Amino acid sequence: MPVPALEILHETIRNLYFHVCMWFSMMFILTVSLVYSLKYLNKPNEDYDIIASQSSYTGLMFGVLGLATGSLWARYTWGAWWTNDPKLNGAAIALLSYFAYVVLRNAMDDEQKRARISAVYNIFAYAMMMVFIMIYPRLKEVDSLHPGNGGNPGFNQYDLDSHMRLVFYPAVIGWLLLCSWIASINIRTERIKRHLANQ
Amino acid sequence: MFLLCSVFMQAQPVSNPPVEMADGMRSDGKIYVVVGVLVIILFGVFAYLMSIDRKVSRIEKNIEELSKK
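Summary of the structure given here. These figures come from a predicted structure and were not determined experimentally.

**Details of the interface of chain A and chain B**
- The interface of chain A with chain B comprises 31 residues on the first partner and 24 residues on the second.
- When the two sides are added together, the surface that chain A and chain B hide from each other amounts to roughly 2500 Å², 77% of it contributed by carbon and sulfur.
- Between Glu190(A) and Lys55(B) there is a salt bridge, and its shortest N-O distance comes to 3.0 Å.
- Across the chain A-chain B interface, the total number found is two residue pairs in polar contact (both at pLDDT 80 or more).
- Put simply, the parts of the chain that give the side of chain A that touches chain B at least two residues each are α2 (46–77) and α5 (163–198) of chain A.
- Broken down by element, the side of chain A that touches chain B gets its largest block of residues, 12 residues, from α2(A).
- Broken down by class, the residue content of the side of chain A that touches chain B amounts to 16 nonpolar, 10 polar and five charged.

Here you go:
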């Protein structure tokens, strides 16, 4: 598939199908996690806790992959594995707040207490994630260098013949399916694990 | 003339420190960065699969112990 020829990005514009999809998958599965945390707070059902926790673990995996792939790209575009770009730091903060979720869960033994507190924390972590990934890098004051921000070429303004969209949208659907598959495997194993522990 | 030449030779600017240009990963429009990204994702997913595998193995062992009782 032909891609638009752009400054800075060159062929790495194809990372749109991989790096960007990692973050899409992460946001999707973390939204699932948020929904089930809210459901748990509404009606304390152990299964909601399992779905919420395993979804956010899966989301964390995709987030780490997104960060690692972005870091490789930055190494050969900006010359460093990590720069103090607002988009990068925002993503790092968002991931750290989900790592804190994992630590918080592991720190508590009482199952009901753990489920309730981590559900409340999950709402906070989700808000942090949205603010630091979606809003903060887009502010005029911080001016991110990330493609698509701050006047840097992304794909959406230049993809005039929609060839990239033809690949991008199916890729997004594929990654989301893979993501939900991994999450469902995690959820099912956790269900079996808890079932055995209760026997 | 010889003297002039030698003066010019010495006046050559000091060589710049090596600058990373279109080498290796940056050749062919940085397509190898895309390859690297794919490798990272594959390894990441494999590593995650292995961790799930370990978790399932532990559960299997638990089931075995339960069935012996």
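**Description of the nonpolar core**
- If you look at the biggest cluster of nonpolar residues, it comprises 47 residues, and the most contacted ones within it are Met26(A), Phe62(A), Met129(A), Trp175(A) and Ile41(B).
- Where this core is concerned, the elements lending two or more residues are α1 (19–42), α2, α3 (86–106), α4 (111–135) and α5 of chain A together with α2 (27–68) of chain B.
- Apart from the residues within four sequence positions on either side, Ile41(B) is in contact with Phe18(A), Met22(A), Leu65(A), Thr69(A) and Trp175(A).

**Quick look at the state of the cysteines**
- Scanning the entire structure with this criterion turns up zero disulfides over all chains.
- Its sulfur unpaired, Cys21(A) is 11 Å from the next cysteine sulfur, which belongs to Cys179(A).

**Examining the packing of aromatic side chains**
Residues and elements named next belong to chain A.
- One pass over the structure, following the stated rule, counts nine aromatic pairs over all chains.
- Taken together, a centroid distance of 5.8 Å and an interplanar angle of 65 degrees make the contact between phenylalanine 132 and tyrosine 136 edge-to-face.
- In this structure phenylalanine 132 comes out as partly exposed when scored by relative accessible area, which is 21%.
- Exposure remark for tyrosine 136: the relative accessible area of 29% places this residue in the partly exposed category.

About the criteria used
- Counting starts from 1 at the beginning of each chain's written sequence and moves along it residue by residue.
- As they are written, the chains are lettered A onward and the ligands numbered 1 onward, keeping that order.
- With pLDDT at 70 or above as the cut-off, local features in this predicted model cover only qualifying residues; side-chain atom pairs require 80 or more to be listed or tallied, and sums for whole chains, interfaces and linings still use all residues.
- Side-chain metrics in this entry use all non-hydrogen atoms of the structure; hydrogen atoms and water are not considered.
- Contacts: residue pairs with any heavy atoms within 4.5 Å of one another.
- A 1.4 Å probe defines the accessible area here, and the buried area is the portion of it lost by two parts on being joined, summed over both.
- Definition used for salt bridges: Asp or Glu carboxyl oxygen within 4 Å of a side-chain nitrogen of Lys or Arg.
- Here a polar contact is taken to be a pair of N or O atoms separated by no more than 3.5 Å, where protein atoms must pair a possible hydrogen donor with a possible acceptor and residues adjacent in sequence count only if both atoms sit in side chains.
- Comment: elements are numbered from the N terminus, with helices defined as DSSP H or I runs of at least four residues and strands as E runs of at least two.
- As a working rule, the residues Ala, Val, Leu, Ile, Met, Phe, Trp, Tyr, Cys and Pro are called nonpolar, Asp, Glu, Lys and Arg charged, and the rest polar, with Gly in that last group.
- To qualify as a nonpolar core, a set must consist of buried Ala, Val, Leu, Ile, Met, Phe, Trp, Tyr and Cys residues joined through side-chain atoms within 4.5 Å.
- For every residue, the accessible area (1.4 Å probe, protein chains only) is compared with the maximum for its type, and the residue is labelled buried under 20%, exposed over 50%, or partly exposed between those bounds.
- Here, a disulfide means two cysteine sulfur atoms that sit within 2.5 Å of each other.
- Pairs were defined over the aromatic rings of Phe, Tyr and Trp, the Trp ring being its six-membered one, requiring ring centres within 6.5 Å. Orientation was assigned from the angle between planes: stacked under 30 degrees, edge-to-face over 60, tilted for the rest.

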